[in-house]
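# Breakdown of the fold
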Amino acid sequence: MTKLSKTPTAASSEKPAFLVRNSPVHGRGVFATRNIKADSMLLEYEGERISDKEALKRHSTDPENPYHTFFFSLESGKMIDGGADGSDARWINHACEPNCEAREEKGRVYIYTLRDIKRGEEFNYDYGLIVEDRQTKALKKAYECRCGAESCRGTMLAPKEKKASKKKKKSKKKDK
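A brief look at the structure comes next. Please read these numbers as outputs of a predicted model, since none were measured by experiment. (Residues numbered from 1 in each chain as written. Predicted model: local features only at pLDDT ≥ 70, side-chain atom pairs only at ≥ 80, totals over all residues. Heavy atoms only, no water.)

## So, the side chain of Glu121
Let me state the cut-off plainly: Only DSSP runs of H or I with at least four residues qualify as helices, and only runs of E with at least two residues qualify as strands; both kinds are numbered from the N terminus onward. Any N or O atom pair separated by 3.5 Å or less is treated as a polar contact, with the protein-specific requirement of one donor-capable and one acceptor-capable atom, and with residues adjacent in sequence counted only for side-chain atom pairs. Here, two residues are considered to be in contact whenever any of their heavy atoms come within 4.5 Å of each other.
Within the fold, Glu121 resides in the loop between strand E10 (108–113) and strand E11 (124–125). At a separation of 3.3 Å, a polar atom in the side chain of Glu121 contacts the side chain of Asn99. Glu121 has contacts with Val30, Phe31, Ala32, Asn99, Arg115 and Asp116, leaving out every residue within four places of it along the chain.

In structure tokens:
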């Protein structure tokens, strides 16, 4: 694994690995400023650690875009609010065919490349958002995906898991 840094050290002449700018996908995006190898750690998803209850209070702070947040759920049940003291990782957009992934390691979230990334390419990962509500057309539209991938599922919501069939499959016994 290669670890990258946005800001080069004083002794280094290496340019930063990425920059934040306007994205053709949605709002802001994070773009590679140089070629980056697969399985490189790009940056940490940072922000204020909050509870589920606090996230619910903060959820719809923008009446013009009530579904847009910078929340990242942790295995502990806590959330990272990237909108409060967050890192540049909050600007990484969703894609159904991602080139990066988020990995939780000891309660911290890091963004890693899944494949080699070319200079100028936008970083993205599959948000796989999980909501308790039924996934109606309206809800899917509220979380609309704009990635443009060939296999785009049209929403940033995680696909619903298929329920196991209630019918038990009968095994056929062979006569000897």
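That covers the picture; the talk isn't over yet.
## Description of the nonpolar core
What counts here: Buried Ala, Val, Leu, Ile, Met, Phe, Trp, Tyr and Cys residues form a nonpolar core when they are joined through side-chain atoms within 4.5 Å. Remark: exposure states derive from per-residue accessible area (1.4 Å probe, protein chains only) relative to the maximum for the residue type, with buried under 20%, exposed over 50%, and partly exposed in between.
Ranked by size, the top nonpolar core spans 20 residues in total, and within it Tyr45, Ile92, Ile111 and Phe123 carry the most contacts. Among the elements of the structure, strand E3 (28–32), strand E4 (40–45) and E10 are those that each provide at least two residues to this core. The leading source of residues in this core is E4, at three residues. Setting aside anything within four residues of it in sequence, one finds Phe123 in contact with Ala17, Phe18, Val30, Phe31, Ala32, Ile36, Leu42, Ile92, Asn93, Asn99, Cys100 and Ile117. With six residues, the next largest nonpolar core counts Cys96, Cys145, Ala149 and Met156 among its residues.

## Remarks on the packing of aromatic side chains
We apply this condition: Within 6.5 Å between ring centres, the rings of Phe, Tyr and Trp (the latter by its six-membered ring) count as paired, and their orientation is classed by plane angle as stacked under 30 degrees, edge-to-face over 60, tilted in between. To sit over a ring, a charge needs its Lys NZ or Arg CZ within 6 Å of the ring centre and within 35 degrees of the ring normal.
Applying the stated criterion across every chain, the model contains five aromatic pairs. Measuring from centroid to centroid gives 5.2 Å for Phe70 and Trp91, while their planes differ by 80 degrees, and the two rings are edge-to-face. Of this pair, Phe70 sits in the loop between helix H1 (52–58) and strand E6 (71–73) while Trp91 sits in the loop between strand E7 (79–81) and strand E8 (93–94); the two residues are 21 residues apart in sequence, bridging distant segments of the chain. Ring plane angle 50 degrees and centroid distance 6.4 Å describe the contact between Phe72 and Tyr125, whose orientation is recorded as tilted. Placement of Phe72 in strand E6 and of Tyr125 in strand E11 is noted, with a sequence separation of 53 residues between them. Taken as a pair, Phe72 and Tyr125 share a single burial class, namely buried. An aromatic cluster is built from Tyr45, Phe72, Tyr125 and Tyr127, whose rings are joined through pairwise contacts. Here the guanidinium or amino end of Arg90 rests over the ring plane of Phe70, the centre of that ring lying 5.8 Å away.

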